[in-house]
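# Reading the structure
Chain by chain, the residues:
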Amino acid sequence: MLRSPGRQRFRYELPLHPRHRRIRTIPAGDRHCGWIETLPFLPPARRLISEEKADCAVIGAGFTGLACARRLAELRPGWRIAVVDAHRAGDGASGRSSGFVVDRAHFIARLGPETSRRYRDLCRFGIDQLRQTVQRHGIGCDWDETGWIHGAAGAEGAAALPHLRAWLDSLGEPYEWLDAAGLERITGTAHYRAGIRLPGSVLVQAAALARGLAASLPASVVLFEESPVRAIDRGDRFRLETDAGSLEADRLFLAANGCTPALGFLRRRVFPLFTFGSLTRPLTPAEQEALGGEREWGLLAEDPMGSTVRRTHDQRILIRNSAHYTPRLAVDDARRLDARALHRVAFLARFPRLRHVEFEYTWGGILGASPNRGHSFGELDEGLFAAAGYTGAGIAMGTTAGILLADLAAGEESERLEAMLGLPEPTRLPPQPFLGIGARWQVGRMNASAAETM
Ligand SMILES: Cc1cc2nc3c(=O)[nH]c(=O)nc-3n(C[C@H](O)[C@H](O)[C@H](O)COP(=O)(O)OP(=O)(O)OC[C@H]3O[C@@H](n4cnc5c(N)ncnc54)[C@H](O)[C@@H]3O)c2cc1C
């Protein structure tokens, strides 16, 4: 038996009340994400179209939900664990992400010495777990440990880099300081002023990783895809309803990140924030030659709201920037094309020699945001667990949170779990409509102020 640890970190969260919750907003699916669309075709999904029973139900098959299900199966091999997703596994933010498996980032460095060290260690645990699973199951996801770069294009980014360097020094972390010429040698562009390369940091094709994780789940885990959960009921057990089926379980794990408020939970802690990515077509050998630099690299912007840039394994250029708030969990084509225009500006500023190279894909994905980048993690009510947040570190941190959520439910005490429970909580959000007004204003301001270094 899993024991209930009686550790309700979310005292502000009401028990499941009313006992029946209808879910009216489901994240929209689309065929725009280049990472997903360039993967091999999938066999048809198993949908939740009958009356199913399980010991544990997980909503969300991204990095959090997949890690949680895998760990539950490991801790309780005799149990049936069901994972339910509205789309294919990994097709949420997980497969749409830029693939930086983050453990040392500027926002972590700003958390203060003790918290930032703990945060780094928790991310690193997630990375180790992912590495082991990738190796054990031979998951092809372009796993690359050459090391990505923190790059500064503008004055603000350049001013922030020494702080990151001081933090790395305080932890005894290895790094390579790069001046403009050093960055140009790697990236082929003279756009950046300075940067820090982190040897051993990991880049992946995140959609391939998420799919590989889903395909290698233990036999006791059943994955229902293309099955949006439309209602959650609590009687003696939890009951999830989909369009044509239902699932009853003793315990429920919410791993829907930015969609958690749409499920009716963490409404005052997490809000959905879209960010956007574009991928070019693959560069020809002549274009690769003209670009120069290394064959594969990744760069995270040190400038606030700056662009994430990658040269991928298959020789495309990725640009990710800009944000948009909407609780509808969908963006229309006009918004997506606005983002593409901003990506184009960033692309041309860096790679004028490639001005004839068009984007083949532009997509949006939903982050779980909070004003202070805090973490939602814990038991909301008896048998009801949730993890959400992570901002730009969800590949590693989502994996860690999923594993530790299973540990929390199973009563598996550890220092690591204590560290997770001790991370800063999200600040409390105002109710709607004030949240919407504030979020749109803040995001608009950030997008506008970033135009120079985007
Ligand atoms: C463009 C972009 C770039 C990013 N780049 C990076 C990066 O480089 N590195 C990094 O670490 N992080 C990055 N992130 C953030 C990262 O993707 C997330 O933090 C992480 O994927 C969260 O994983 P998750 O499993 O918690 O959530 P998700 O992957 O969002 O999974 C939640 C799942 O819940 C499902 N769901 C929601 N509602 C329902 C419902 N009613 N019924 C059934 N299923 C439902 C969704 O379909 C979805 O699959 C990026 C995000 C975006 C959008």
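Refer to the structure printed above.
We now turn to the structure provided with this report.

How each quantity is defined
- Residues numbered from 1 in each chain as written.
- Predicted model: local features only at pLDDT ≥ 70, side-chain atom pairs only at ≥ 80, totals over all residues.
- Heavy atoms only, no water.
- Helix = DSSP H or I, 4+ residues; strand = E, 2+ residues; numbered from the N terminus.
- Rg over C-alpha atoms; globule rule 2.2 N^0.38 Å.
- Buried < 20%, exposed > 50% of the residue type's maximum accessible area, 1.4 Å probe, protein only.
- Contact = heavy atoms within 4.5 Å.
- Areas by Shrake-Rupley, 256 points an atom, 1.4 Å probe, with all protein chains shown as cover.
- Core = buried A, V, L, I, M, F, W, Y, C linked by side-chain atoms within 4.5 Å.
- Phe/Tyr/Trp six-rings, centres within 6.5 Å; stacked < 30°, edge-to-face > 60°.
- Lys NZ or Arg CZ within 6 Å of the ring centre and 35° of its normal.
- Expected span 1.5 Å × (residues − 1).
- Near = heavy atom within 4 Å.
- Polar contact = N/O pair within 3.5 Å; in protein donor to acceptor, adjacent residues only side chain to side chain.
- Axes fitted to C-alpha atoms, helices over the stretch in contact; angles between N-to-C directions.
- Parallel < 35°, antiparallel > 145°, perpendicular 65-115°, else oblique.
- Salt bridge = Lys/Arg side-chain N within 4 Å of Asp/Glu carboxyl O.
- Left-handed = near helix turned anticlockwise from the far one by under 90°.
- Nonpolar A, V, L, I, M, F, W, Y, C, P; charged D, E, K, R; others polar.
- Pairing = 2+ DSSP bridges.
- Disulfide = S-S within 2.5 Å.

A few words now on the overall build of the chain. Regarding its fold elements, the chain presents 13 helices and 19 strands. In summary, the chain has a C-alpha radius of gyration of 21 Å against a globular reference of 22 Å for 454 residues, a match within 12%. Per-residue burial over the chain gives 60% buried out of 454 residues. By sequence separation, contacts in the chain at least 24 residues apart represent 79% of the contacts at least 6 residues apart. Total accessible area computed for the chain in this model is approximately 17900 Å², and 53% of it derives from carbon and sulfur atoms.

As a rule of thumb, soluble globular proteins bury nonpolar side chains together. Counting 82 residues, the largest nonpolar core has Ile81, Leu209, Phe253, Phe377 and Met397 as the members making the most contacts within it. The biggest single contributor to this core is helix H11 (residues 394-410), with 10 residues. Listed in part, the 33 residues of the second largest apolar core include Ile232, Phe238, Leu240 and Ala386.

Within this structure, the stated rule accounts for seven aromatic pairs. A centroid spacing of 5.8 Å and a plane angle of 65 degrees characterise the contact between phenylalanine 271 and tyrosine 325, whose relative ring orientation is edge-to-face. Placement of phenylalanine 271 in strand S13 (residues 271-280) and of tyrosine 325 in strand S16 (residues 317-325) is noted, with a sequence separation of 54 residues between them. Following the ring pairs from residue to residue traces out a cluster consisting of Phe347, Phe351 and Phe359. Taking NZ or CZ as reference, arginine 344 lies 5.4 Å from the ring centre of phenylalanine 359, over its face. Geometry around phenylalanine 125 places arginine 416 over its ring, the cationic atom sitting 3.8 Å from the centre.

As a further point, take H11. Residue pairs spaced three or four apart in an α-helix point in one direction, given the helix's 3.6 residues per turn. Its 17 residues give H11 an end-to-end C-alpha distance of 23 Å, which sits within 8% of 24 Å, the value for a rise of 1.5 Å per residue. With 17 of 17 residues buried, H11 is to be regarded as a mostly interior element. Looking at the residues trailing H11, positive phi occurs at glycine 411, about 70 degrees.

Turning next to the site of the ligand. Lining the immediate surroundings of the ligand are 37 residues, of which Thr64, Asp85, Ser94, Phe100 and Val229 lie closest. Here an oxygen atom of the ligand and a backbone polar atom of alanine 93 are 3.1 Å apart. Taking valine 229, its main chain carries an N or O atom lying 2.9 Å from a nitrogen atom of the ligand. For the ligand, whose unbound accessible area comes to 1000 Å², protein coverage reaches 97%. Only helix H2 (63-75), helix H3 (93-96), strand S17 (359-369) and H11 provide two or more residues apiece to the shell around the ligand.

Quick look at the packing of helix H5 (residues 113-137) against H11 now. Direction vectors running N to C along H5 and H11 enclose 85 degrees, while the axes themselves pass 7 Å from each other. By the angle class used here, H5 and H11 are roughly perpendicular. Within the contact between the two elements, H5 uses Tyr119, Leu122, Cys123, Phe125, Gly126, Ile127, Gln129 and Leu130 and H11 uses Ile395, Ala396, Met397, Thr399, Thr400, Ile403 and Leu404.

Moving on: the pattern of salt bridges. Evaluated as defined, the whole model comprises 31 salt bridges. Measuring nitrogen to oxygen at the nearest pair gives 2.9 Å for the salt bridge that ties arginine 316 to aspartate 314. One salt bridge connects arginine 336 with aspartate 333, and the closest N-O pair in it is separated by 3.0 Å. Remark: aspartate 333 and arginine 336 occur in helix H10 (residues 333-350); sequence separation between them is three residues, near one turn of the helix. Residue class for arginine 336 comes out buried when judged on its relative accessible area of 9%. On the basis of relative accessibility, which here comes to 44%, the residue aspartate 333 falls in the partly exposed class.

Running from amino to carboxyl end, H2 crosses helix H8 (residues 206-215) at an angle of 25 degrees, the nearest separation of the two axes being 10 Å. On the basis of their axis angle, the class for H2 and H8 is roughly parallel. At the point where H2 passes H8, the crossing takes the left-handed sense. Here H2 contributes Phe63, Leu66 and Arg70 to the contact with H8, which in turn contributes Ala206, Leu209, Ala210, Leu213 and Ala214. Among the residues forming the contact of H2 with H8, the class breakdown is seven nonpolar, no polar and one charged.

In this section: the pairing of strand S10 (residues 231-234). Of the two faces of S10, the one carrying Ala231 and Asp233 and the one carrying Ile232 and Arg234 are both buried. Bridging between strand S1 (residues 20-22) and S10 involves three bridges; their strand directions are antiparallel. Pairing of histidine 20 across the sheet is with aspartate 233, part of S10. Both S10 and strand S11 (residues 238-241) contribute to a ladder of four bridges, which runs antiparallel. Bridge pairing in S11 places alanine 231 opposite glutamate 241. Counted along the chain from S10 to the antiparallel partner S11, the turn is three residues long.

Our next topic: the environment of glycine 398. Relative to the helices and strands, glycine 398 resides in helix H11. Distance in space between the C-alpha atoms of glycine 398 and leucine 384 is 18 Å, their sequence separation being 14 residues. If we ignore the near neighbours within four places in the chain, the residues touching glycine 398 are Phe63, Thr64, Tyr390 and Ala393.

A complete count under the given rule lists zero disulfides for this structure. In this structure cysteine 141 is a free cysteine whose sulfur lies 15 Å from that of cysteine 33, the closest cysteine sulfur available. Cysteine 141 sits in the buried class, given a relative accessible area of 2%. Cysteine 33 provides the cysteine sulfur closest to cysteine 259, a residue in no disulfide bond, and the two sulfurs are 15 Å apart.

Distances and angles like these do not, on their own, reveal function.
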